[in-house]
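Chain residues, written in single-letter form:
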Amino acid sequence: MSSKKTVALVLGSGAARGNAHIGVIEAIEARGYEIVSVSGCSIGAIVGGVFAAGKLQEYREWAESLDRVGLVRLLDMSFSNGGYLKGDRFFEKIKNIIGDVAIESLPISYTSIAVDLLKQKEFWFQQGDLISAMRASSAIPSIVSPVLLNGRMYVDGGVLNPLPIIPCVPAGADYIVAVDLNGAAEGIAQDESENRFAAPAWWQSAKGFFSKGSESESEEAEYSPESWGRLQTINMMFETMQESLTQYKLAGYPPDLLISIPKDISGFYEFWRAKELIDFGYDVTLKALDGLESPTSNYYSFPKGN
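Rules used in this analysis
- Residues numbered from 1 in each chain as written.
- Predicted model: local features only at pLDDT ≥ 70, side-chain atom pairs only at ≥ 80, totals over all residues.
- Heavy atoms only, no water.
- Helix = DSSP H or I, 4+ residues; strand = E, 2+ residues; numbered from the N terminus.
- Buried < 20%, exposed > 50% of the residue type's maximum accessible area, 1.4 Å probe, protein only.
- Axes fitted to C-alpha atoms, helices over the stretch in contact; angles between N-to-C directions.
- Parallel < 35°, antiparallel > 145°, perpendicular 65-115°, else oblique.
- Left-handed = near helix turned anticlockwise from the far one by under 90°.
- Contact = heavy atoms within 4.5 Å.
- Nonpolar A, V, L, I, M, F, W, Y, C, P; charged D, E, K, R; others polar.
- Pairing = 2+ DSSP bridges.

Draft legend 1. Here's a closer look at the overall build of the protein. For the protein, the count of helices and strands is 9 helices and 11 strands. Within the protein, buried positions represent 53% of all 306 residues.

Draft legend 2. Structural detail: the packing of helix α1 (residues 19–30) against helix α2 (residues 43–52). At a closest axis distance of 10 Å, the pairing of α1 and α2 adopts a crossing angle of 40 degrees. Taken together, the axes of α1 and α2 are oblique relative to one another. Handedness of the α1/α2 crossing: right-handed. Contacts between α1 and α2 involve His21, Ile22, Ile25 and Glu29 from the former and Ile43, Gly44, Val47 and Phe51 from the latter. Taken together, the residues of the contact of α1 with α2 break down into 5 nonpolar, 2 polar and 1 charged.

Draft legend 3. Spatial organisation of the pairing of strand β8 (residues 152–156). Sheet topology places strand β5 (residues 109–116) next to β8; 3 bridges connect them, and they run antiparallel. Its bridge partner being in β8, Asp116 is matched across the sheet by Tyr154. With 3 bridges joining them, strand β7 (residues 147–149) and β8 adopt antiparallel strand pairing. When the sheet's bridge partners are listed, Leu148 is paired in β8 with Met153.

Below, the structure is given as structure tokens:
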């Protein structure tokens, strides 16, 4: 029997910021803990599922290789179905990495959180096809096509539960560690070399049908409310909702450790910044674990005050 302290890991939703989850997992294991359970929502369900399948290193290598052009190639838009992103190309790549995997065959407990639209209830995927569970959990309303499985229509679990702590409780781990990707903004300076709120020219071609009109935006233009198109507006509304729901979930069942990733550390679509976000997740987790291991620690949130 392992003498390692065990961790039940909760991975929240937050699109590209979810690359930080990779660094969090690596830091927890590097510190000598054993992750025995993972519950995740949206990108958290994806990274958590890849980890549970034993393919995190392969996923990391692919994520770090993804550039702006590679991201655009993954955006398979369906104009005949309401202008949604289908997600087929992305999940074909995930399937190439992990193969055909059933959740019940995973070596650790895994739960993917989605929302059943017809019943208007949260749904936990704890058995069945892993890829399908990931897809159902990450179908962002009005952006990614809903997922139809067994006569039920599923969308992103973040609609009701962006930080699913309760599914990890039965694991009986020494610690429940939750990673919130909608943490307090760190106030990024506007004179940084890359304006993280800029509307880059490459993105305009990919999201043109989401914009509010034909007006052009320069490569240096900021994402001011006046220039937001449909995609940016929907995302901002969704993240605002998720932030409020997360605070509600934390109040109801606080984890032993909350790792808070600033919501302004990257745009929701900036998947090409994987290495930077992975490194951030790794560093912030090591510091958070220092606090967790402190003799005076009880419930601990890092950074403090979030």
